[in-house]
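Here are the chains, one letter per residue:
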Amino acid sequence: MGGATSNSFSVSVQTKDFDIAAETKVLTASNTQIGAVASFIGLVRGSRETVRSLELEHYPGMTERSLEAILFEAKERWPLDGARIVHRVGALAPGDQIVLVLTASRNREASLEATAFIMDYLKTRAPFWKKEDGPEGSTWVDARESDDAAADRWDP
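Residues numbered from 1 in each chain as written. Predicted model: local features only at pLDDT ≥ 70, side-chain atom pairs only at ≥ 80, totals over all residues. Heavy atoms only, no water.

K.L.:
Hey, could you run me through the overall build of the protein chain in this one?
P.N.:
Along the backbone of the protein chain there are four helices and eight strands. Over its C-alpha trace the protein chain gives a radius of gyration of 16 Å, about what one expects of a compact globule, namely 15 Å for 156 residues. The principal-axis extents of the C-alpha atoms in the protein chain amount to approximately 50 × 35 × 25 Å. Looking at the 156 residues of the protein chain, the share that counts as buried comes to 43%. Summing over all exposed atoms, the protein chain offers an accessible surface of approximately 8,500 Å²; the carbon and sulfur share of this is 48%. In the protein chain, 18 positive and 24 negative side-chain charges are present, and the distance between their average locations comes to 4 Å. (Helix = DSSP H or I, 4+ residues; strand = E, 2+ residues; numbered from the N terminus. Rg over C-alpha atoms; globule rule 2.2 N^0.38 Å. Buried < 20%, exposed > 50% of the residue type's maximum accessible area, 1.4 Å probe, protein only. Areas by Shrake-Rupley, 256 points an atom, 1.4 Å probe, with all protein chains shown as cover. Lys, Arg positive; Asp, Glu negative; His and termini not counted. Charge placed at Lys NZ, Arg CZ, Asp CG, Glu CD.)

Structure representation (structure tokens):
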């Protein structure tokens, strides 16, 4: 599993965990003009009593293309020098890292806004399916209206 767009703008869909320090180092290694890196790490929410595990499924190829489109839309809106999305799939436990978004630019405002934009669009436009396993059994997680409202703020 995986995918890439370029050295500075890339996505990965993977089962293995990620290391934010290593990912940041790769993102910034070839550009000394970067003045800001903003990050978002999403964790699996829940407890052993409410959510024992979360299973994330995706459609290989389609998911990576969707994430790449989100990255390039962010690049069109903000002066970014690089961006990276890492999204995990498979079985995850509460507290596990599930998603990483990194954006690099010459100033913090662009990085912070682009990171928020990418996460809002990722939550509503990326084809992932989530199934929670809890004490009552397994259930598919429905989309949230609050996620749609957050993504709508970026529409022109």
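K.L.:
Please explain helix α2 (residues 62–77) as it appears in this structure.
P.N.:
In an α-helix there are 3.6 residues to a turn, and that puts residues three or four apart on one side. Under the 1.5 Å per step criterion, the end-to-end length of α2 is 23 Å for 16 residues, consistent within 8% with the ideal 22 Å. For α2, the set of buried residues is T63, E64, S66, L67, E68, I70, L71 and A74. (Expected span 1.5 Å × (residues − 1).)

K.L.:
Even after reading the chapter, I still don't get the confidence of the model for the protein chain, so can you show me in this structure?
P.N.:
Interpretation of this model should avoid reading the predicted coordinates in detail wherever pLDDT is low. Within the protein chain, residue pLDDT values average 89, and 94% of them lie at 70 or more. The low-confidence segment residues 1–5 (pLDDT under 50) makes 17 contacts with residues lying over four places distant or belonging to another chain. (pLDDT = per-residue confidence, 0-100. Contact = heavy atoms within 4.5 Å.)

K.L.:
Before we go on, may I ask you to explain the sheet that holds strand β8 (residues 137–140) in this structure?
P.N.:
Pairing between the strands of a sheet is mediated by backbone hydrogen bonds and can be parallel or antiparallel. The four strands are arranged β5-β3-β7-β8 in an open sheet whose pairing can be described as antiparallel. The open sheet terminates on both sides in strands that have one partner only, identified here as β5 (90–92) and β8. Ignoring which end each strand starts from, the neighbouring axes of this sheet average 25° apart. The sheet contact formed by strand β3 (residues 53–58) and strand β7 (residues 128–134) spans six bridges and is antiparallel. Directly across from L54, in β7, lies its bridge partner E132. (Pairing = 2+ DSSP bridges. Axes fitted to C-alpha atoms, helices over the stretch in contact; angles between N-to-C directions.)

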